[in-house]
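Here's the letter readout for the chains.
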Amino acid sequence: MKAFRTTCLYCEIKTQTNGDPRCMRRTYFLTEAMKKVLSDLNLNIVEMTDESATLDGGDVLFTGQEFFVGLSKRTNQRGAEILADAFKDYAVSTVPVLDGLHLKSFCSMAGPGLIVIGSSEPAQKALKIMQQMSDHRYDKLTVPDDVAANCIYMNLPSKGHVLLHCTPEEYPESAKVFEKLKDHMLIPVSNIEKVKVDGALTCCSVLINKKADA
């Protein structure tokens, strides 16, 4: 993937995987340590060698059914095409990012078929485009703060639905919305420092779909 920062915080921009045994990388940005971890997990690494292509993990939303790719200052049409070629089993649709850094600056997945979306006009326009382009139906959870819509969902064998989300200290009204998810284990995680460098919760995560050891 095309990376725009080289700090260890932004692991998401270096790697894109949806649980499928394939992932994408741009060789000179992905650290050898990350490469070794992915290789040890038996993930097939697909090289993105086209220098004209840009693709940032923050612009890639995998719903479990399909991909939405935000076309932003950091991701272009060619990058989306390469992603589609790597994951041929899934539909890939592009969404213009009219405001904000990335697509996931104002949306993410909070569970199977559940999209968290910010309440701003650009966020709502992007959601409408996704709904129009998709053959799947998604529920939505609207939060007052766009930044708070960036969260991390995990389905853990021993815990069930787990959601890492913004803290009440940062976004009190958005935190109240997450409390409506009664079937989720909610874990507030501070993003106070990361947001200073345009970071979000998903920026420092790479989610791997791996069965628990027997």
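Up top you'll find the structure we're talking about.
Residues numbered from 1 in each chain as written. Predicted model: local features only at pLDDT ≥ 70, side-chain atom pairs only at ≥ 80, totals over all residues. Heavy atoms only, no water.

Q: Could you give an account of the overall build of the protein, with specific residues and numbers?
A: Looking only at helices and strands, the protein features 4 helices and 11 strands. The buried share of the protein, reckoned over its 214 residues, is 47%. At a minimum sequence separation of 6, the contacts of the protein that also span at least 24 residues come to 57%. Here the protein displays about 10,800 Å² of accessible surface, and carbon together with sulfur accounts for 53% of that area. (Helix = DSSP H or I, 4+ residues; strand = E, 2+ residues; numbered from the N terminus. Buried < 20%, exposed > 50% of the residue type's maximum accessible area, 1.4 Å probe, protein only. Contact = heavy atoms within 4.5 Å. Areas by Shrake-Rupley, 256 points an atom, 1.4 Å probe, with all protein chains shown as cover.)

Q: Lay out the pairing of strand 11 (residues 185–188) in plain terms, naming residues and giving numbers.
A: Relative to strand 11, strand 10 (residues 160–165) runs parallel, the two sharing 4 bridges. When the bridges of strand 11 are listed, Leu 163 appears paired with Leu 186. What joins strand 10 to strand 11 is helix 4 (residues 172–178), and the crossover it makes is right-handed. (Pairing = 2+ DSSP bridges. Right-handed = clockwise from strand over helix to strand, strands pointing away.)

Q: Please set out the environment of His 161 residue by residue, giving values where relevant.
A: For His 161, the location among the structural elements is in strand 10. Placed 49 residues apart in sequence, His 161 and Pro 112 show a C-alpha to C-alpha distance of 9.5 Å. Among residues more than four places away in sequence, those in contact with His 161 are Pro 112, Tyr 153, Met 154, Asn 155, Asp 183, His 184 and Met 185. A polar contact of 2.5 Å, which involves the side chain of His 161, links it to the side chain of Tyr 153. (Polar contact = N/O pair within 3.5 Å; in protein donor to acceptor, adjacent residues only side chain to side chain.)

Q: Explain the pairing of strand 7 (residues 114–118) to me, using residue names and the numbers behind them.
A: Within strand 7, 5 of the 5 residues are buried, leaving the element largely enclosed by the surrounding structure. Burial along strand 7 is two-sided: the residues Leu 114, Val 116 and Gly 118 and Ile 115 and Ile 117 are all buried. Judged from the 4 bridges that link them, strand 6 (residues 107–111) and strand 7 form a sheet pairing that is antiparallel. Bridge pairing links Met 109 to Ile 115 in strand 7. The hairpin turn running from strand 6 into strand 7, its antiparallel successor, is 2 residues long, and Gly 113 in that turn takes a positive phi close to 75 degrees. As a crossover connection, the stretch from strand 7 through helix 3 (residues 121–133) into strand 8 (residues 139–143) is right-handed.

Q: Lay out unusual backbone geometry in plain terms, naming residues and giving numbers.
A: With a phi angle near 60 degrees, Asn 42 is a residue other than glycine that sits in the positive phi range. Checked against the element boundaries, Asn 42 lands in the loop between helix 1 (32–40) and strand 2 (44–47). Judged by its relative accessible area of 64%, Asn 42 is exposed.

Q: If you had to explain helix 3 to someone new, which residues and values would you point to?
A: For helix 3, spanning 13 residues, the distance from its first C-alpha to its last is 19 Å, which sits close to the expected 18 Å at 1.5 Å a residue. The complete set of buried residues in helix 3 reads Ala 123, Ala 126, Leu 127 and Met 130. The arc enclosing the buried residues of helix 3, seen along the axis, measures out at 100 degrees, which places them on a common side. For helix 3, the exposed residues lying more than 90 degrees away from the buried face are Glu 121, Lys 128 and Gln 132. Lining the buried residues of helix 3 we find strand 3 (60–62), strand 4 (66–71), strand 5 (91–96), strand 6, strand 7 and strand 8. (Expected span 1.5 Å × (residues − 1). Arc of directions from axis to C-beta.)

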